[in-house]
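# Descriptive analysis of the structure
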Amino acid sequence: MAVNVSALLLLGIAAIFIVRSRAGGIGPAIVLFLLGFFTAGTGADEPIRNLCASVFNFLASLRT
């Protein structure tokens, strides 16, 4: 739950920056896509959460 809340906050802040700066491209599209799935809780929510958790675990393992 802590990863989900912090990811939601991080994506929300990034989305605000993207909208205010009117950025376009694949990076901002992915951020807004993930924010939508984290907030909506659709049927595709579980695989996307698993993917994000795997990416977070991979990035954490790089530090050690």
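Note that the coordinates shown come from a computational prediction; the quantities given were computed from them, not determined experimentally. (Residues numbered from 1 in each chain as written. Predicted model: local features only at pLDDT ≥ 70, side-chain atom pairs only at ≥ 80, totals over all residues. Heavy atoms only, no water.)

Let us now look at the confidence of the model for the protein. For the protein, per-residue confidence averages 78 on the pLDDT scale, and 88% of positions sit at 70 or higher. No element of the protein has a lower mean pLDDT than helix H1 (residues 2-21), which averages 75, and none a higher one than helix H3 (residues 45-63), which averages 84. (pLDDT = per-residue confidence, 0-100. Helix = DSSP H or I, 4+ residues; strand = E, 2+ residues; numbered from the N terminus.)

Together, Leu51, Val55, Phe56, Phe58, Leu59 and Leu62 give the surface a local cluster of nonpolar side chains, amounting to about 580 Å² of exposed area. Positionally, phenylalanine 58 belongs in helix H3. (Patch = residues over 30% accessible without salt bridge, like charges linked within 9 Å, V, L, I, M, F, W, Y side chains within 5 Å. Areas by Shrake-Rupley, 256 points an atom, 1.4 Å probe, with all protein chains shown as cover. Salt bridge = Lys/Arg side-chain N within 4 Å of Asp/Glu carboxyl O.)

Contact pair helix H2 (residues 26-40) / H3: the axes reach a minimum separation of 10 Å and the direction vectors enclose 120°. Taken together, the axes of H2 and H3 lie oblique to each other. For the pair H2 and H3, the crossing hand works out as left-handed. Contacts between H2 and H3 pair Phe33, Leu34, Phe37 and Phe38 from the former with Asp45, Ile48, Arg49 and Cys52 from the latter. For the contact of H2 with H3, the residue count by class is six nonpolar, no polar and two charged. (Axes fitted to C-alpha atoms, helices over the stretch in contact; angles between N-to-C directions. Parallel < 35°, antiparallel > 145°, perpendicular 65-115°, else oblique. Left-handed = near helix turned anticlockwise from the far one by under 90°. Contact = heavy atoms within 4.5 Å. Nonpolar A, V, L, I, M, F, W, Y, C, P; charged D, E, K, R; others polar.)

Attention now goes to H2. Every α-helix winds through 3.6 residues per turn, so residues three or four apart in the chain are directed the same way. Over its 15 residues, H2 extends 21 Å from the first C-alpha to the last, a length consistent with the 21 Å expected when each residue adds 1.5 Å. Turning to H2, its buried residues are Pro28, Val31, Leu34, Leu35, Phe37 and Phe38. Just beyond H2, the residue with positive phi is glycine 41, at close to 70°. (Expected span 1.5 Å × (residues − 1). Buried < 20%, exposed > 50% of the residue type's maximum accessible area, 1.4 Å probe, protein only.)

Right, let's get into the nonpolar core. Soluble globular proteins tend to pack their nonpolar side chains together in the buried interior. Within the largest apolar cluster, 11 residues are counted, these being Ala7, Leu11, Ala15, Ile18, Val31, Leu34, Leu35, Phe37, Phe38, Ile48 and Cys52. Elements with a contribution of two residues or more to this core: H1, H2 and H3. Per-element tally for this core: the top contributor is H2, with five residues. (Core = buried A, V, L, I, M, F, W, Y, C linked by side-chain atoms within 4.5 Å.)

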